[in-house]
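Residue strings, one per chain:
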Amino acid sequence: MEDELSLVFSALADPTRRAIVTRLATGAATVNQLAEPFALTQQAVSKHLKVLERARLIRRTRVGKARPCVLDADRLHDAAGWIERHRQLWADRHDRLEAHLHTLLRGESDDR
């Protein structure tokens, strides 16, 4: 079984799905509304929505007969938190490497 973070990153790997998430960040929208800016059929948009639902990035609500989609930002916050934790780790490693290289370069200039 895939872990939730992998599902989120996989879902966000597609530019159309990222655009849908961006649109839903402004408020709920129906499949028709989400399909408007794309040269895609409603069926194709629905497939993208299913991927986003599986990753729990969106959910569908019921308003009368309509089933608008809404963004569930909790998963985005989880992914952003993971990125931030690892960004700091990578930055620290980069800083240590940079300091080590400066030490090596100073050692070479002292040898001359």
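Chemist: So what exactly am I meant to see when it comes to the nonpolar core here?
Modeler: For soluble globular proteins, nonpolar side chains are generally found buried alongside one another. Formed by 19 residues in total, the largest nonpolar core has its most connected members in Ile20, Leu24, Leu34, Val45, Leu49, Leu52 and Leu57. The contacts of Ile20, once residues within four sequence positions are left out, are Leu34, Phe38, Val45, His48, Leu49 and Leu52.

Chemist: How should the environment of Leu57 be read in this particular structure?
Modeler: As for its placement among the helices and strands, Leu57 is situated in the loop between α4 (42-54) and β1 (58-60). For the pair Leu57 and Leu71, spaced 14 residues apart in sequence, the C-alpha separation works out to 6.1 Å. Ignoring any residue separated from it by four or fewer positions in sequence, one finds Leu57 in contact with Val8, Ala11, Leu12, Leu52, Val70, Leu71, Asp72, Arg75 and Leu76.

Chemist: Explanation requested: helix α2 (residues 15-24) in the structure shown.
Modeler: For the α-helix, the turn length of 3.6 residues means that residues three or four positions removed from each other point alike. Regarding α2, the residues found buried are Thr16, Arg17, Ile20, Val21 and Leu24. Here the buried residues of α2 occupy an arc of 140° about the axis, which is enough to place them on one side. Along α2, exposed side chains directed more than 90 degrees from the buried face belong to Pro15 and Thr22.

Chemist: What is the right way to look at the pattern of salt bridges in this model?
Modeler: Under the definition given, this model contains five salt bridges. The salt bridge involving Glu53 is made with Arg60; its shortest N-O contact spans 3.3 Å. Given a relative accessible area of 28%, Glu53 falls into the partly exposed group. Here Glu84 makes a salt bridge to Arg87, at a shortest N to O gap of 2.8 Å. Of this pair, Glu84 and Arg87 are both found in helix α5 (residues 73-111), three residues apart, which corresponds to roughly one turn of the helix.

Chemist: When you look at the packing of aromatic side chains in this model, what are you seeing that I'm missing?
Modeler: To describe a pair of aromatic rings, one takes the distance between the centres and the angle between the planes. Inspection of the entire model under this criterion finds two aromatic pairs. Judged by centre distance (5.6 Å) and plane angle (65°), the ring pair of Phe9 and Trp82 falls under edge-to-face. Linking Phe9 in helix α1 (residues 4-12) with Trp82 in helix α5, this pair joins segments that are 73 residues apart in sequence. Owing to a relative accessible area of 29%, Trp82 belongs among the partly exposed residues under this scheme. Centroid distance Trp82 to Trp90: 6.4 Å. Interplanar angle 75°. Geometry classified as edge-to-face. Accessibility expressed as a relative area gives 47% for Trp90, which makes it partly exposed. Through successive ring pairs, a cluster of aromatic residues spans Phe9, Trp82 and Trp90.

Chemist: Teacher, can you tell me more about α4 here?
Modeler: Here α4 is 13 residues long and its end C-alpha atoms lie 18 Å apart, about the 18 Å a rise of 1.5 Å per residue gives. For α4, the full list of buried residues reads Val45, His48, Leu49 and Leu52. Across the axial projection of α4, the buried residues extend over an arc of 100°, all falling on one side. Relative to its buried face, α4 has exposed residues pointing more than 90 degrees away, namely Gln43, Lys47, Lys50 and Arg54. Next to the buried residues of α4 lie α1, α2, α3 (31-35), β1 and β2 (69-71).

Criteria and cut-off values
Residues numbered from 1 in each chain as written. Predicted model: local features only at pLDDT ≥ 70, side-chain atom pairs only at ≥ 80, totals over all residues. Heavy atoms only, no water. Core = buried A, V, L, I, M, F, W, Y, C linked by side-chain atoms within 4.5 Å. Buried < 20%, exposed > 50% of the residue type's maximum accessible area, 1.4 Å probe, protein only. Contact = heavy atoms within 4.5 Å. Helix = DSSP H or I, 4+ residues; strand = E, 2+ residues; numbered from the N terminus. Arc of directions from axis to C-beta. Salt bridge = Lys/Arg side-chain N within 4 Å of Asp/Glu carboxyl O. Phe/Tyr/Trp six-rings, centres within 6.5 Å; stacked < 30°, edge-to-face > 60°. Expected span 1.5 Å × (residues − 1).

Just distances and angles here, no functional claims.
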